[in-house]
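Understanding the architecture of this molecule
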Amino acid sequence: MRFSSPQITRRDFLRGVTVTAGAIFVGCRPQRASSGITLSQWYHQYGEEGTHDAVLRYAQAYTKANPNISVHVEWVPGDYQTKLNTALLVKGGPDIFEKQLSVPMVTAGQVAPLDDLYTPEVKRDFLDKDLALNRLNGKIYGIKMVGDTGVLYYRKSLLQKAGLQIPQTFDEVAQAAKELTTKTRKGLFLGNDGGVGALLHILPWSAGSDFLVNDKIVFNNERTALSYEKLRDLQETKTLLIGAPTDWWDPSAFNQGLCAMAWGGL
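Residues numbered from 1 in each chain as written. Predicted model: local features only at pLDDT ≥ 70, side-chain atom pairs only at ≥ 80, totals over all residues. Heavy atoms only, no water.

1. Re the packing of helix α8 (residues 170-180) against helix α11 (residues 222-236)
Closest axis-to-axis distance for the α8/α11 pair is 10 Å, and the angle between their directions is 5 degrees. As summarised for this structure, α8 and α11 are arranged roughly parallel, according to the angle between their axes. Residue-level inspection shows F170, D171, A174 and A177 of α8 in contact with α11, the latter providing K230, L231 and L234. In the contact of α8 with α11, the residues fall into five nonpolar, no polar and two charged. (Axes fitted to C-alpha atoms, helices over the stretch in contact; angles between N-to-C directions. Helix = DSSP H or I, 4+ residues; strand = E, 2+ residues; numbered from the N terminus. Parallel < 35°, antiparallel > 145°, perpendicular 65-115°, else oblique. Contact = heavy atoms within 4.5 Å. Nonpolar A, V, L, I, M, F, W, Y, C, P; charged D, E, K, R; others polar.)

Here's what the structure looks like:
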């Protein structure tokens, strides 16, 4: 969707935009301010210190360089996905937001194609798989900004005190979680849902399986099933931290000593 201004479009804005994770999408709801255009940009609440301030500084710098555009940043705490899905169903939802692409988003007109941004030169900066993640019916609707790395954080002192080596396999992680669980501390934190969200894709990949190959389902195999069974068995040991103040993407539970090991990103 083009703005009424002959100079600035959403795509012009995105040519300079920077976000810190996932993919960014453009909606279809420009807002007019008395002095120009106001863009609403949503972020989920990042746990890293300084991220919010960096986002606000970028928005201010962009507005300063483009006086006709004002960027309003919405820092969304709590259940970001549910809040975003609700906001996209009504008038006045965010213009730019983080989310994984889905077919309903396209068919409902919640996102705009960004193909004119993807010149051959720009495409060389992206892996083919990254482009495919945001492509539907030959059009690209999102910009992947970061491929995050999952990390298992652990306290070496607690492992040493328990006489444990650094775990190298899922079975060793599960065993360490049992031995590191006490009355006041759980052995492992995988998220408040017990690791379902964080490890949904990672477990099959770790088992050597993908989900789709040439549009054919390939994750329905014994190794994938076994990986999910191991997570279920781990949940039944009662060694996982559930109900932490923040979820796995925030280091608070680990920093506060609520768990001896924790899954997290960078």
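2. Here we look at the sheet that holds strand β9 (residues 151-154)
Taken in spatial order, the three strands line up as β9-β13-β10 in an open sheet, and their pairing is mixed. The outermost strands of the open sheet, each flanked by one partner alone, are β9 and β10 (186-189). Strand after strand, the sheet turns through a mean of 10 degrees between neighbouring axes, direction not considered. With three bridges joining them, β10 and strand β13 (residues 259-264) adopt parallel strand pairing. Across the sheet, F189 pairs through a bridge with A262, a residue of β13. (Pairing = 2+ DSSP bridges.)

3. A look at the nonpolar core
Ranked by internal contacts, the top residues of the largest apolar core, which has 19 residues, are L180, L188, L190, L199, L234 and M261. Those elements that place two or more of their residues in this core are α7 (156-161), α8, α9 (196-199), α11 and β13. Ignoring anything within four residues of it in the chain, the contact list for L234 reads F170, A174, A177, L188, L190, T239 and L240. (Core = buried A, V, L, I, M, F, W, Y, C linked by side-chain atoms within 4.5 Å. Buried < 20%, exposed > 50% of the residue type's maximum accessible area, 1.4 Å probe, protein only.)

4. A short note on the packing of aromatic side chains
Tallied over the entire structure, the rule returns seven aromatic pairs. An angle of 45 degrees between the planes, with centres 6.3 Å apart, marks the rings of Y153 and F254 as tilted. With a gap of 101 residues between them, Y153 in strand β9 and F254 in helix α12 (residues 252-255) connect regions that are remote in the sequence. Put simply, the rings of Y43, Y46 and W75 pair up and form one aromatic cluster. (Phe/Tyr/Trp six-rings, centres within 6.5 Å; stacked < 30°, edge-to-face > 60°.)

Honestly, it's all geometry; don't read function into it.
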